[in-house]
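Here are the chains, one letter per residue:
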Amino acid sequence: MTHERYNPQAIEEKWQSRWQAENAFACTHKSNKPKYYVLEMFPYPSGNIHMGHVRNYAIGDVVARSKRMLGFNVLHPMGWDAFGLPAENAAIKNNTHPAKWTYANIDNMRAQLKRLGYSYDWDREIATCRPEYYRWEQMFFLRLLEKGLVYRKKAAQNWCPSCHTVLANEQVVDGLCWRCDSRVEQKDLTQWFLKITAYGDELLQDLQSLEGDWPDRVIAMQRNWIGKSTGAAITFGLENAALKAEGVTGIDVFTTRPDTLFGVTFMTLAPEHPLVEKLIEGYEKADEVRAFVDRIRNMDRIDRQSDSLEKEGIFTGAYAVHPFTGQRVPLWLGNFVLADYGTGAVMGVPAHDQRDFEFARKYGLPLRVVISPKDEQIDPETLTEAYTAEGFMVNSGPFDGTANEDGKKAVAQALEKDGKGKATTQFRLRDWNISRQRYWGAPIPVIYCDKCGVVPEKEENLPVLLPMDVKIREDGRSPLPETPEFASCTCPKCGGTARRETDTMDTFVESSWYFARYTSARKEDGPFDTEALKYWLPVDQYIGGVEHAILHLLYSRFFTKVLRDLGFFPAELNEPFANLLTQGMVLKDGSKMSKSKGNVVAPSDMIAKYGADTVRLFCLFAAPAERDFDWSDSGIEGASRFIGRVWRLFDEEKDRLLPLKACQSTAEDAQSEEARDLRRREHLTVKKCSEDMGDRFQFNTAIAAVMELVNAMYLSREKLGATEGDRRVFSSAMASVLTLLSPITPHVCEELWQHLGHGTQLASELLPKWDDAATVQDMLTVALQVNGKLRGTVQIPAAADKAAMEQAALADSSVQRHIDGLTVRKVVVVPGKLVNIVAN
């Protein structure tokens, strides 16, 4: 008998070429099958895929292939998150154009993904840097501007001096730029904002609908980031005559404790508060205040919100007026107050807030107790920490004696009656700054005219094309303001000379709606085909890293609600991703792979050595999908050996094999005990894999179950005969191995399936159905003990009752030998497991 050697390179290239030629994984929304949309977060085209990509996309591919084999019409697309700083910075470093760099990387990475055999519908491929994509994004911007959900304002912004652009709050990590780790500064700029706060309540409320389908920690992170607080907005009057002359009569604060309003002894403003300069005008220590402002505004924003921050402040020389008592309230600046959180001002109640307590003790500010336990007096002079427990209002005028929880509502109502405040809610969530001062991004479709002001571009003029013939600056600053062909334009309103906006959009805008564009990626006369959109959305299974738990996922949820309200999405679509799986990282030597650590494992090297199927198998077998795992050479060697075992088993037994499908042998075929046992193992494995690879996505345990079945086939092949029934049982088990493994290692399984004699491809087969009757064991091996010591085993029918087990044990020759001459005192029967005979 001649044996054929397993050649993964030849086999994989053969099947990949066939899938491409046949467009095997294309799909349409015009189908009678149930739909299933599986999507992995699309990559930034950096040049090469890494092992994290391989694992992420392997998980998605197993889901896609499994769902097709379960009878679903599956949409599984791929594209490129192609705009942004990394491409621009890499292009500068390599002295080339970002477009050239990006498209070359896309070509390379596409080839790498195809080499791994992922079952994508490549007809739907998108790249966000193409005008046919971002033109619709520009249209969304104009529609949002029309609805008042886009606005422009000047404010202190997070500025990365290295990247030469602003960053959203979410893009600042521990005071550093999320891309380059440079220390972020504060800079006053006029920017464009999306009004995500208008959807704060809905974004928070709809998280409930995702519970059980999204990881708990992702939901918790989103809840915390949105950060809804219930309390009251309160206006403190101002004494400052200059401000009053300008129409500024008060300072607004938000508090969750309106019941402590009578305990206010000072107010604290953010150093960046827009009224600071007016408040310190004429103050003899104004320069000291300005120095404090300059120092604090460039502090780490995260540090300024930390509980461990040492509180610092400075008096402004100005006072506010208490809304109820009319008393003067000194206005301080504090390093713990942020201008863009709440109103940028907080009321200081040191007797009942620990932060205010520490601040007051440091600067000698008075404490006023206004909440006390029932029938108890608290001396503010002896307080060692703020009193924050519940109690009753005291020193609070008409509210004395009111339980403080009831007092919150009562104070808010009184404020509203006097026109000095009202009950309200506040969010930690800030509006989304989408302006970026870099070249490689989607142009913002707005024009500035000296006569007409801010003028939106006309929709019929879209897309506003990003010019490709610009000289990229070495320092990273955008060339667009200095490109007259782009920046100079005609006003769409009056026809006069005007200037085009030269900021580009944050790349998170592109990734906030790409999942919808896949449903009709080639449509030219609109962003979406409505029929396709209604059919495919929401995404049934989304897969990606937990590092996107706030930024990308929150923005995508916002865009879904906005596009729904603009009429682009179905009215009933509230969430973009029905289910979310956050896969773990691939580590090496216990840490994240990186060039600087010298621990990178290149997928191309592993594919060249072992083949794509082995790489896929190891990435899926090493750990549950949601957990990190450490890459190991022994692990991938083991995966390679297993595929080799399957190949050899098939090759060595090919004369025995018949062209059966999975679970196709019958009970009549399994006449011998060995055949019955193998058939039972086959059906148990199919059941286990179907459950583990279904909604649980426990691919590692499914693979382990198939490995056990292969082991059983190796052990049984010598005992099985050459009868037609035994051949059918063995062939059916082999078909099940190939069918169950095919979503994981598709190339080798297709090859062996073809060798088995099938004319169809496994990718188009349905997963087998197990027979519950076939999983029932006919005979059981029962342990026999005498006085607790093992004396043998016996085979009994699985249905045997206790009496039958006892009878079989007492009849066993080994047991009889060990109780000869003894009196049986007791027989202990553990059904299906053991019989223990107590004798003396």
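Residues numbered from 1 in each chain as written. Predicted model: local features only at pLDDT ≥ 70, side-chain atom pairs only at ≥ 80, totals over all residues. Heavy atoms only, no water.

A. Representation of the overall build of the chain within the structure. Within the chain one finds 26 helices and 34 strands. Each principal axis of the C-alpha atoms in the chain carries an extent, and together these give about 110 × 80 × 50 Å. Considering only contacts in the chain between residues 6 or more positions apart, those separated by 24 or more positions represent 73%. Roughly 36300 Å² of accessible area belongs to the chain as shown, and the carbon and sulfur atoms make up 48% of that amount. On the chain, the mean spot of the 102 positive side-chain charges and the mean spot of the 115 negative ones are 1 Å from each other. (Helix = DSSP H or I, 4+ residues; strand = E, 2+ residues; numbered from the N terminus. Contact = heavy atoms within 4.5 Å. Areas by Shrake-Rupley, 256 points an atom, 1.4 Å probe, with all protein chains shown as cover. Lys, Arg positive; Asp, Glu negative; His and termini not counted. Charge placed at Lys NZ, Arg CZ, Asp CG, Glu CD.)

B. Region of interest: the domain arrangement of the chain. The domains assigned to the chain are domain 1 (8-128 + 511-592), domain 2 (155-195 + 431-505), domain 3 (233-427), domain 4 (654-775) and domain 5 (779-839). Put simply, the middle of domain 2 and the middle of domain 4, counted by C-alpha atoms, are 59 Å apart. (Domains from an automatic or database assignment.)

C. Geometry of the nonpolar core. Counting residues in hydrophobic clusters, the biggest one holds 177 residues, and the most contacted among them are Met51, Trp432, Tyr514, Phe515, Phe569 and Trp631. With near-sequence residues (within four places) excluded, Met51 lies in contact with Val586, Met593, Val601, Ala602, Pro603, Met606, Val615, Cys619 and Trp631. Among the nonpolar cores identified, the runner-up in size contains 58 residues, and Leu243, Leu279, Ile296 and Leu309 belong to it. (Core = buried A, V, L, I, M, F, W, Y, C linked by side-chain atoms within 4.5 Å. Buried < 20%, exposed > 50% of the residue type's maximum accessible area, 1.4 Å probe, protein only.)

D. The sheet that holds strand 19 (residues 432-433), seen in detail. Taking strand neighbours across the sheet as the criterion, the 4 strands line up as 6-5-9-19 in an open arrangement whose pairing is antiparallel. Looking at the sheet topology across the chains shown, the edges are occupied by strand 6 (165-167) and strand 19. (Pairing = 2+ DSSP bridges.)

E. Spatial organisation of the environment of Ile92. By the element assignment, Ile92 lies in helix 3 (residues 85-93). When the C-alpha atoms of Ile92 and Ala498 are compared, they prove to be 30 Å apart, with 406 residues separating the residues in sequence. Those residues in contact with Ile92, other than ones at most four positions away along the chain, are Arg438, Ile472, Arg473, Glu474 and Gly476.

F. View of unusual backbone geometry. Backbone torsion omega between Leu462 and Pro463 reads 5 degrees, so that peptide bond is classified as cis. Tracing the backbone shows Pro463 in the loop between strand 22 (453-456) and helix 14 (484-487). Each neighbour pair has its own omega, and for Leu537 with Pro538 the value is 0 degrees, a cis peptide bond. Topologically, Pro538 is positioned in the loop between helix 16 (530-536) and strand 26 (541-544). Of note in this structure, Asn23 is not a glycine but carries a positive phi near 50 degrees. Structurally, Asn23 is set in the loop between helix 1 (8-22) and strand 1 (35-40). Its identity is not glycine, yet Asn787 carries a phi of approximately 55 degrees, on the positive side. Structurally, the position occupied by Asn787 is in the loop between strand 31 (779-786) and strand 32 (789-797). On the basis of relative accessible area, Asn787 is assigned to the partly exposed category, the value being 43%.

G. The arrangement of the pairing of strand 33 (residues 824-830) in detail. When strand 33 meets strand 34 (residues 834-839), the two strands line up antiparallel, connected through 6 bridges. Paired with Val824 across the two strands is Ala839, which belongs to strand 34. Here strand 33 folds back onto strand 34 in antiparallel fashion, the turn holding 3 residues, of which Gly832 has a positive phi close to 75 degrees.

H. Representation of the packing of aromatic side chains in the model. Using the criterion set out here, one finds 43 aromatic pairs in the structure. Aromatic pair Tyr199 and Phe558: ring centres 5.6 Å apart, planes at 70 degrees, arrangement edge-to-face. Here Tyr199 is found in the loop between strand 9 (185-194) and helix 6 (200-205), whereas its partner Phe558 is found in helix 17 (residues 551-565), with 359 residues between them in sequence. Ring geometry for Tyr283 versus Phe315: centroids 6.2 Å apart, planes at 75 degrees, classification edge-to-face. Of this pair, Tyr283 sits in the loop between helix 9 (276-279) and helix 10 (286-297) while Phe315 sits in strand 13 (residues 313-321); the two residues are 32 residues apart in sequence, bridging distant segments of the chain. (Phe/Tyr/Trp six-rings, centres within 6.5 Å; stacked < 30°, edge-to-face > 60°.)

I. Seen up close, the state of the cysteines. The tally for this structure, following the rule as stated, stands at 0 disulfides. We note that Cys160 lacks a disulfide partner, and the nearest cysteine sulfur, in Cys180, lies 3.5 Å from it. For Cys619, which is in no disulfide, the shortest distance to another cysteine sulfur is to Cys749 and amounts to 17 Å. Taking relative accessible area as the criterion, Cys619 reaches 1% and is therefore assigned buried. (Disulfide = S-S within 2.5 Å.)

J. Quick look at the sheet that holds strand 22. Ordered in space as 22-21-24-23, the 4 strands form an open sheet in which the pairing is antiparallel. Of all strands in the sheet, those bounded by a partner on one side alone are strand 22 and strand 23 (488-490). When the angles between neighbouring strand axes are averaged without regard to direction, this sheet yields 40 degrees. As judged from the 4 bridges shared by strand 21 (residues 446-449) and strand 22, these two strands associate in the antiparallel manner. (Axes fitted to C-alpha atoms, helices over the stretch in contact; angles between N-to-C directions.)

K. View of helix 18 (residues 603-610). Restricting attention to buried positions, one finds in helix 18 the residues Pro603, Met606, Ile607 and Tyr610. The arc that holds the buried residues of helix 18, viewed along the axis, is 100 degrees, so those residues lie on one side. Seen from the open side of helix 18, the exposed residues pointing more than 90 degrees away from its buried face are Ala608 and Lys609. Where the residues of helix 18 are buried, they touch helix 1, helix 2 (51-69), helix 4 (98-115), helix 19 (612-621), strand 30 (629-631) and helix 20 (633-652). Two residues or fewer after helix 18 comes Gly611, characterised by a positive phi angle close to 100 degrees. (Arc of directions from axis to C-beta.)

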